[in-house]
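Below are the chains, spelled out letter by letter.
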Amino acid sequence: MSPSVQDPATGRSPFPPIGDYGFLSDCETVALVAPSGNVEWLCLPRLDSPSVFGALLDRDAGDFRFGPYDLNVPAARRYLPGTMVLETSWGTPGGWIIVRDLLLMGPWHHEDQRSKTHRRAPTDYDADHVLLRTVRCVNGEVQVVLDCEPMFDYGRRPVEWVYSGEAYEQAVARIPGHDLELTLTTDLRIGIEGGRATARTLLKEGERRFCALSWSEHPPPRTSDEAYDRLVWTAHHWQHWLARGHFPDHPWRGYLQRSALTLKGLTFAPTGALVAAATTSLPETPGGRRNWDYRYSWVRDATFALWALYTLGFDWEANDFFWFIADVAERDKDLQVLYGVDGRAVLPEEELDLEGYEGARPVRVGNAAYQQRQHDVWGAVLDSVYLHTKTRDGLDERIWAILVHQVESALASWREPDQGVWEVRGEPQHFTSSKLMCWVAVDRGARLASMKGEDELAKVWEERAQEIKDDICTHGVDERGVFTQRYGAPALDASLLLIPLFRFLPVDDPRVVATVRAIGDELTVDGLVLRYRVEETDDGLGTEEGAFLICSFWLVSALSEIGDQERARALCEKLLSLASPLELYAEEIDPHSGRHLGNFPQAFTHLALINAVMHIILSDQGATPSAFIRLRS
């Protein structure tokens, strides 16, 4: 860690551990709240916009603290059960307070005119575009402070605050030439000190206060009573949403529910897009260069999202994401790896002049991977169509046209090298998992053609799928009978754990069993799975990285598939024990310390968790692991 990111008084990092952040969402934007009560990440007006609070990436890039004056370490934190309402309890020498943070939801707003952003079917609720923070003193008395210092455009532009009335209870932050305005409303008395809005009060037992930061025409609460009522409405909204799901009666039920809420929170409701993570540039290696912007929607997430959401009973969300993918697949002749949450295709990558989380640079926004060739995208789309179609009565003509194009694209390209599922920035290779996903595209296409009555086309595609399978089994297996990362090289790759999950071969095939065991024994550190060995893979970076949580959860599912339930359960228990205090997961884990690494919270990790946990639960109930993929049989 560089000296520039150490606290001179303590020698410790001023940045909280990644896994200690709380996650808030209104399904249009997200916020991360540090244990200190500091909002350190908020992008407006939507989750892929420039930040207004960016202390997550630079301690001078804007923050918003609300809590006790003289303490930074809370007594306890939790979500109100079944909600996205974060509750932090503080014990001070003088008394106790409870702070609750949330992004408000409300009833559907657009009654007189259509929304300019919503493309999916409107629901009964909508984002209020308000960050609400409430505090209640439960005994004694506590000095409470509010300190709000936004910095627009990733910390590059300080704001100017002005009072919006005759009193001190409301102020507006703006910068010249920018449409975005922030309105701070509170029952405290606001003071303005340059770009900071501050307030303080002595809160006594039974008293309540609130502050609300809003950024649209939708009005914020004006009193503590109204703030409480809208908090309750939002909490009930999340609980009612969660009640739609189907969760088994099992000790791990809570992990499934928190994962479902997190995935919902990472969804951009207007289009149905599911983003990979809430953040950009949180490092995969402490102080390293593996820092990427994940606030976009990856096509490969589609099939995993549909697995998870259909399994838990959230068909509406699964269908919305499916139609988002269908929109871009229909529009674009060549399907990209990732898209903006509004479906935009161009996502130019740039580096910002920020210090980075604990000095990890560069800090990137945008993602150049949108220009890469990755052959897994067609398999993700076709498997999504297959899953979606099996929940419907048939295959409509719009989807059939998309399907045919994607199968033909896979057939035209499967023999060519690509950047692979991990988006390596080295030279293209003949990655086995990419060939596998091309097989998935053609195999699912053949099944769907048969369902549609296109028997002749189904026969042709079945033959071509077999051709791809034979090529993989000839060139992608080493002398031990283990599937390898790429043709002609002995390296292992955790993406090959998908072989049993996609039903490429029977789960008792010796090559499948050997591959799962080789990855579990040789591609792990302290039992946690690496993507690959960086010294064996030209990924364009070469630096070390942590263990990938999605790969570790894939290993749980794969072990369960091959019948090793004891080892699968032990690994799943270990992974669940590594959850953050709020049961959230980043992309990676340091296998030695258990510290979370990478962007946070990570959708892919929570999707894989659902798959793995359901495998174990079904095994506990005496069902075969394949029963999990109930739509795929």
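A quick note: this is a predicted structure, and the numbers were derived from the prediction, not measured.

(A) Focus on the overall build of the protein. Per the secondary structure count, the protein includes 14 helices and 27 strands. Each of the three principal axes of the protein carries a C-alpha extent, and together these read 75 × 55 × 50 Å. Evaluated residue by residue, the protein yields a buried proportion of 64% over its 633 residues. Long-range pairs, those at least 24 residues apart, make up 66% of the contacts in the protein with a sequence separation of at least 6. Within the structure as shown, the protein displays about 23,400 Å² of accessible surface, and the carbon and sulfur contribution to it stands at 48%.

(B) Quick look at the confidence of the model for the protein. Per-residue confidence for the protein averages 92 on the pLDDT scale, and 94% of its residues sit at or above 70. Contacts of residues 626-633 to residues separated by more than four positions or lying in other chains number 30 contacts, the stretch itself having pLDDT below 50.

(C) Fine view of the layout of surface pockets. For the largest pocket, the calculated volume is near 730 Å³. Taken together, 27 residues form the lining of the largest pocket, with P14, P16, S36, R59 and N72 sitting closest to its centre. When contributions to the lining of the largest pocket are tallied by element, the ones reaching two or more residues are β3 (38-43), β5 (63-68) and β9 (125-149). Among the residues making up the lining of the largest pocket, the classes are represented as 10 nonpolar, 5 polar and 12 charged.

(D) Broad picture of the side chain of T88. Relative to the elements of secondary structure, T88 occurs in strand β7 (residues 86-91). With residues near it in sequence (within four places) discarded, T88 still touches P35, P74, A76, R77, I97, I98 and V99.

(E) Spatial organisation of the pattern of salt bridges. All chains considered together, the criterion is met by 40 salt bridges. Salt-bridge contacts for R230 lead to E226; the nearest nitrogen and oxygen are separated by 3.5 Å. One end of the pair is R230 and the other is E226, both in helix α2 (residues 224-243) and 4 residues apart, which spans about a single turn. Assessed through its relative accessible area of 30%, E226 is described here as partly exposed. We note a salt bridge from D564 to R517, for which the minimum N-O separation is 3.1 Å. Taken together, the residues span a long stretch of sequence, with D564 in the loop between α12 (549-561) and α13 (565-577) and R517 in helix α11 (residues 510-522) at a distance of 47 residues. You can call R517 partly exposed: its relative accessible area is 33%. Among the charged side chains, a salt-bridge network with shared partners connects R46, D48, D342 and R344.

(F) Spotlight on the side chain of D418. For D418, the location among the structural elements is in the loop between α7 (397-413) and α8 (432-452). Polar side-chain contacts of D418 include one of 2.8 Å to the side chain of S434.

(G) Main features of empty space enclosed by the protein. The full count for this structure, using the stated rule, is 8 cavities of 30 Å³ or more. Taken as a whole, the largest cavity holds about 360 Å³ of empty space. If you go around the largest cavity, you meet 24 residues; those closest to its centre are Y294, W422, E423, R531 and E587. Of the residues assigned to the lining of the largest cavity, the class counts are 13 nonpolar, 2 polar and 9 charged. By volume, the second largest cavity is sized at about 100 Å³. Around the second largest cavity, the lining is made up of 13 residues, and of these F304, D376, V421, M437 and L498 lie nearest the centre. Those elements that place two or more of their residues in the lining of the second largest cavity are α4 (301-312), α6 (376-389) and α8. No other element matches α8, which puts 4 residues into the lining of the second largest cavity. Its residues assigned to classes, the lining of the second largest cavity shows 7 nonpolar, 4 polar and 2 charged.

(H) Molecular detail of the packing of aromatic side chains. With the rule as written, the count across this model stands at 20 aromatic pairs. Judged by centre distance (5.2 Å) and plane angle (80 degrees), the ring pair of F322 and W323 falls under edge-to-face. Judged by relative accessible area, which is 5%, F322 ranks as buried. Classification of W323 by relative accessible area gives partly exposed; the value is 22%. The side chain of R208 reaches across the aromatic face of Y228, ending 5.5 Å from its centre. The side chain of K469 reaches across the aromatic face of F504, ending 5.4 Å from its centre.

(I) Structural detail: unusual backbone geometry. The omega torsion of the bond from R361 to P362 falls at 10 degrees, within 30 degrees of zero and hence cis. Among the secondary structure elements, P362 is positioned in the loop between β21 (350-352) and β22 (363-365). Each neighbour pair has its own omega, and for F600 with P601 the value is -20 degrees, a cis peptide bond. By the secondary structure assignment, P601 is in the loop between β27 (596-597) and α14 (603-620). Even without a glycine there, the phi angle at R503 is positive, about 60 degrees.

(J) Molecular detail of the nonpolar core. Counting 209 residues, the largest nonpolar core has F64, L184 and W554 as its most contacted members. Here this core gets 11 residues from one element, more than from any other, and that element is α14. Not counting residues within four places of it along the chain, the set of residues in contact with W554 comprises F304, W422, A494, S495, L497, L498, L501 and A608. Core analysis: the next-biggest nonpolar cluster, separate from the first, contains 11 residues, V85, L102, L132 and F210 among them.

(K) Summary view of the pairing of strand β13 (residues 182-186). With respect to burial, β13 is a largely interior element, 5 of its 5 residues being buried. Side chains L182, L184 and T186 project from β13 onto one buried face, and the interleaved T183 and T185 project onto a second face that is buried too. Note: strand β12 (residues 170-174) against β13, 4 bridges, orientation antiparallel. For Q170, the partnering residue across the bridge sits in β13 and is T185.

(L) Quick look at the environment of L549. Its location among the elements puts L549 in helix α12. Residue L549 is classed as buried on the basis of its relative accessible area, which comes to 1%. Sequence-wise, L549 and E588 are 39 residues apart; in three dimensions their C-alpha atoms are separated by 5.2 Å. Residues within four places of L549 in sequence aside, it is in contact with L575, Y585, A586, E587, E588, I589 and T605.

(M) Here's a closer look at the state of the cysteines. Tallied over the full model, the rule gives 0 disulfides. In this structure C551 is a free cysteine whose sulfur lies 15 Å from that of C572, the closest cysteine sulfur available. Relative accessible area serves as the criterion here: at 0%, C551 is assigned to the buried category.

(N) Local environment of the sheet that holds strand β25 (residues 547-548). Pairing is antiparallel in the open sheet, where 3 strands are placed in the order β25-β26-β27. Looking at strand neighbours, the two that pair on one side only are β25 and β27, the edges of this open sheet. Pairing between strand β26 (residues 588-589) and β27: 2 bridges, direction antiparallel. The residue bridging E588 from the neighbouring strand is L597, located in β27.

Rules behind the numbers
Residues numbered from 1 in each chain as written. Predicted model: local features only at pLDDT ≥ 70, side-chain atom pairs only at ≥ 80, totals over all residues. Heavy atoms only, no water. Helix = DSSP H or I, 4+ residues; strand = E, 2+ residues; numbered from the N terminus. Buried < 20%, exposed > 50% of the residue type's maximum accessible area, 1.4 Å probe, protein only. Contact = heavy atoms within 4.5 Å. Areas by Shrake-Rupley, 256 points an atom, 1.4 Å probe, with all protein chains shown as cover. pLDDT = per-residue confidence, 0-100. 1 Å grid on protein atoms, 1.4 Å probe; cavity = no way out; pocket = protein on both sides within 12 Å on 5 of 7 lines; lining within 4 Å. Points joined across faces, edges and corners; volume = space filled by probe spheres on them. Nonpolar A, V, L, I, M, F, W, Y, C, P; charged D, E, K, R; others polar. Salt bridge = Lys/Arg side-chain N within 4 Å of Asp/Glu carboxyl O. Polar contact = N/O pair within 3.5 Å; in protein donor to acceptor, adjacent residues only side chain to side chain. Phe/Tyr/Trp six-rings, centres within 6.5 Å; stacked < 30°, edge-to-face > 60°. Lys NZ or Arg CZ within 6 Å of the ring centre and 35° of its normal. Core = buried A, V, L, I, M, F, W, Y, C linked by side-chain atoms within 4.5 Å. Pairing = 2+ DSSP bridges. Disulfide = S-S within 2.5 Å.

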